[in-house]
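Listed here are the chains, written in short residue letters.
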Amino acid sequence: MIRPSVQTRHALARLTLPAMVVASFGLMLVGKVDTVLVERARIAVYDASAPIYAALAEPIGQLHGAIAEVAGLWELREENARLRDENERLRRWQSVALTLDAENQQLMAAMHWIPDPEASYVTGRVVADAGGVYAKAVLLSVGPNHALHKGQIALDERGLVGRITEVGSRTARVLLITDMNSRVPVILESSRSRAILAGTNGPLPLLLYWSDGTVPKDGERVVTSAEANAFPANLPVGTVRYNASGVPEVEPDANLNALDIVRVFDYGLNGLTAPEVTARVAAGRH
Amino acid sequence: MALSERVPGVRPRLTVGRRLDIVWRHAFPGTTSFLLMLLSLAPFGLWGQAALLPTVALTCVWFWSLFRPAAMSPPIVFLIGVLLDLLGFLPPGVGALTMLTTFGIAQRLRRFLSRQRFIVIWLIFTAVACGIAAMNWTLVSLLTFSLLPPGPVLFQVGLAAAMYPAVAVPLTLAHRSIADPDQA
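Residues numbered from 1 in each chain as written. Chains lettered and ligands numbered in written order. Predicted model: local features only at pLDDT ≥ 70, side-chain atom pairs only at ≥ 80, totals over all residues.

### Concerning the overall build of chain A
From N to C terminus, chain A includes four helices and 12 strands. At 24 Å, chain A has a C-alpha radius of gyration far larger than the 19 Å of a compact globule built from 286 residues. Along the first, second and third principal axes, the C-alpha atoms of chain A reach 90 × 55 × 45 Å. Residues counted as buried form 30% of the 286 residues belonging to chain A. (Helix = DSSP H or I, 4+ residues; strand = E, 2+ residues; numbered from the N terminus. Rg over C-alpha atoms; globule rule 2.2 N^0.38 Å. Buried ≥ 20, exposed ≤ 12 C-beta atoms within 10 Å, placed from the backbone.)

This is how it looks when you write it as structure tokens:
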């Protein structure tokens, strides 16, 4: 083997840092030119590391469970009283719901209502935060033979979580409704007025563009709208809250801070794909 | 090559086990940096966990560039940066450039900082973290053509400053024991 002289080696060593800096700028250029390549590389890295997170999820879950149990022991009495109270209230609501359901069925039968198609869904575990500092997203572990695709809708047990933006062979990335690039067409439930739910990267997304005369009311429920064929109608999103500066925000129903199990629904909608894809299509047109 | 290989004297034979040991000690800084970065994304359910990844990357690059620059060469720093870009959903190249800048600053300050006490290194690290976070924010804002909220950046700097001892102390212990090539 030829060994370079000491001077040459020193010169080469001096050159590596500038060379790597140039390579970084090259990467920036590549990232601007070919977003698909970058997206593939990201999801490949996440696919490769997903088994680590899936393996870690179990012991971490047990640890969380143990901590919650110890914490729960302290406030067992208050918790019990609260649950009794809540149970009472829920039982009243249940009877109301059953009556309304029966009435709804009758009315639908009378009107020859065409029922919405049943949506199929898959369930995945949230294995990692996939947002980085400037985005709000989570990574789902979904097993190798899934049929997920971009634009599908993720819900937890309470409400809307977000949409699938990237799909790998074992993982899928869900952009949360709190992300600053997320826009969801919604309906204010009591006034049936349309609006847009815009994420801000903060915990509470904002309501924008509601129609004049129908100001969102504090405590009003917000559900998805079927407009633009991106979401099915009437998925629970959250409740309106006014912040200190008088701007209507929405407190999401979904527990976005501690997502564990998420269901991904296929409603067969193709009105809009994920933000990145639309951005790319728009860029391609110019 | 470890110092002991260049200095004459009696030492154990270079068996396969010992060779592996030497390789491991040389690869320790890079490997642990990668692993810590992957681990920082595990679903711990901590508030503000997203800021952990850039903080871990920055601390590891800073620490090893200062104390073991031979094991934290520019290509390794570049790879750490690329991993930061991919895992942290940054525009590609931003993490690489900021990590290389950190490395460059650490190289420049190395002689001066090697004579300083821990607290001085910590203070200077905080200043560097400020600069790097600002650079990161500016680059991402420019590359995505949008003015990003500055809140996460401030949080990131605070976290980096607060977490430095928690990362640096175990790394110092490792640097003096299991990662020291002269003890192979």
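### Examining the overall build of chain B
Across its full length, chain B carries seven helices and zero strands. The order of α-helices and β-strands along chain B, N terminus first, is α-α-α-α-α-α-α. Over its C-alpha trace chain B gives a radius of gyration of 18 Å, about what one expects of a compact globule, namely 16 Å for 184 residues. The dimensions of chain B, computed from C-alpha atoms along their principal axes, are 60 × 35 × 30 Å. Burial statistics for chain B: of 184 residues in total, 40% are counted as buried. Contacts in chain B between residues at least 24 apart in sequence constitute 68% of all its contacts with a sequence separation of at least 6. (Contact = placed C-beta atoms within 7 Å.)

### Overview of the nonpolar core
Within the largest apolar cluster, 97 residues are counted, with the highest numbers of intra-cluster contacts made by V174 of chain A together with A57 and V61 of chain B. No other element matches helix α3 (residues 52-67) of chain B, which puts 12 residues into this core. For this core, the two domains that each supply at least three residues are domain 1 (6-50) and domain 3 (119-286) of chain A. In contact with V174 of chain A, not counting residues within four places along its chain, are A137, V138, L140, A154, V161, G162, R163, I164 and V262 of chain A. (Core = buried A, V, L, I, M, F, W, Y, C linked by C-beta atoms within 7 Å. Domains from an automatic or database assignment.)

### Considerations on the sheet that holds strand β4 (residues 160-167) of chain A
Residue and element names in this part refer to chain A. Pairing is antiparallel around the closed barrel formed by six strands, whose spatial order is β1-β2-β5-β4-β3-β12. If you compare each strand with its neighbour and ignore which way they point, the axes differ by 45 degrees on average. Examined bridge by bridge, strand β1 (residues 120-129) and strand β2 (residues 137-141) share four bridges and lie antiparallel to one another. Its bridge partner being in β2, A128 is matched across the sheet by L139. (Pairing = 2+ DSSP bridges. Axes fitted to C-alpha atoms, helices over the stretch in contact; angles between N-to-C directions.)

### Focus: unusual backbone geometry
In terms of backbone geometry, most residues other than glycine have negative phi values and most peptide bonds are trans. All names here are of chain A. If you check the backbone angles, N201 has positive phi at about 75 degrees while not being a glycine. Given 21 C-beta atoms within a 10 Å radius, N201 is considered buried. Residues other than glycine seldom take positive phi values, yet Y209 does so here, at roughly 55 degrees. In this structure, Y209 sits in the loop between β8 (206-208) and β9 (221-224).

### A short note on the domain arrangement of chain A
Assigned domains of chain A: these are domain 1 (6-50), domain 2 (60-111) and domain 3 (119-286). Spacing between the C-alpha centres of domain 1 of chain A and domain 2 of chain A amounts to 52 Å.

### Quick word on the confidence of the model for chain B
Atomic detail in the predicted coordinates should be set aside for any region of low pLDDT. Residue and element names in this part refer to chain B. Confidence along chain B averages 85 in pLDDT terms, with 95% of residues attaining 70 or more. Averaged pLDDT values for the elements of chain B fall to 56 in helix α1 (residues 3-6) and rise to 92 in helix α4 (residues 74-87). Across the whole predicted complex the pTM is 0.79, and at the interface the ipTM reaches 0.83. (pLDDT = per-residue confidence, 0-100.)

### Remarks on the packing of α3 of chain B against helix α5 (residues 94-113) of chain B
Residue and element names in this part refer to chain B. Between α3 and α5, the shortest axis-to-axis distance is 8 Å and the interhelical angle comes to 35 degrees. Read as a crossing pair, α3 and α5 show a hand that is right-handed. Packed against α3, whose contacting residues are A57, L58, V61, W62, S65 and L66, the element α5 presents M99, T102, F103, A106, Q107, R110 and L113 at the interface. Looking at side-chain class alone, the contact of α3 with α5 contains nine nonpolar, three polar and one charged residues. (Left-handed = near helix turned anticlockwise from the far one by under 90°. Nonpolar A, V, L, I, M, F, W, Y, C, P; charged D, E, K, R; others polar.)

### Section: the interface of chain B and chain A
With 33 residues of chain B in contact, the opposing surface of chain A contributes 34 residues. Those elements that place two or more of their residues in the side of chain B that touches chain A are α4, α5, α6 (118-144) and α7 (151-176) of chain B. For the side of chain B that touches chain A, the per-class residue count stands at 25 nonpolar, eight polar and no charged.

### Topic: the environment of H149 of chain A
Relative to the elements of secondary structure, H149 of chain A occurs in the loop between β2 and β3 (153-155). Separated by 42 residues in sequence, H149 of chain A and S191 of chain A place their C-alpha atoms 34 Å apart.

### Focus on the pairing of β1 of chain A
Pairing between β1 of chain A and strand β12 (residues 261-266) of chain A: six bridges, direction antiparallel. Among the inter-strand pairings, Y121 of chain A is bridged to a residue of β12 of chain A, identified as F265 of chain A.

### Details of the environment of P51 of chain A
By the element assignment, P51 of chain A lies in helix α2 (residues 35-74). On the basis of neighbour count, P51 of chain A is assigned to the exposed category, with 12 C-beta atoms found within 10 Å.

### Some points on the pairing of β2 of chain A
Most of β2 of chain A sits out of view: five of its five residues are buried. Residues A137, L139 and S141 of chain A line one face of β2 of chain A and the alternating positions V138 and L140 of chain A line the opposite face, and both faces are buried.

### Overview of the confidence of the model for chain A
Residues and elements named next belong to chain A. Within chain A, residue pLDDT values average 84, and 93% of them lie at 70 or more. Looking over chain A, one finds the lowest element-wise mean pLDDT in helix α4 (residues 275-285), namely 46, and the highest in helix α3 (residues 76-111), namely 92. pLDDT under 50 marks residues 277-286. Its contacts with residues more than four places away, or in other chains, come to four contacts.

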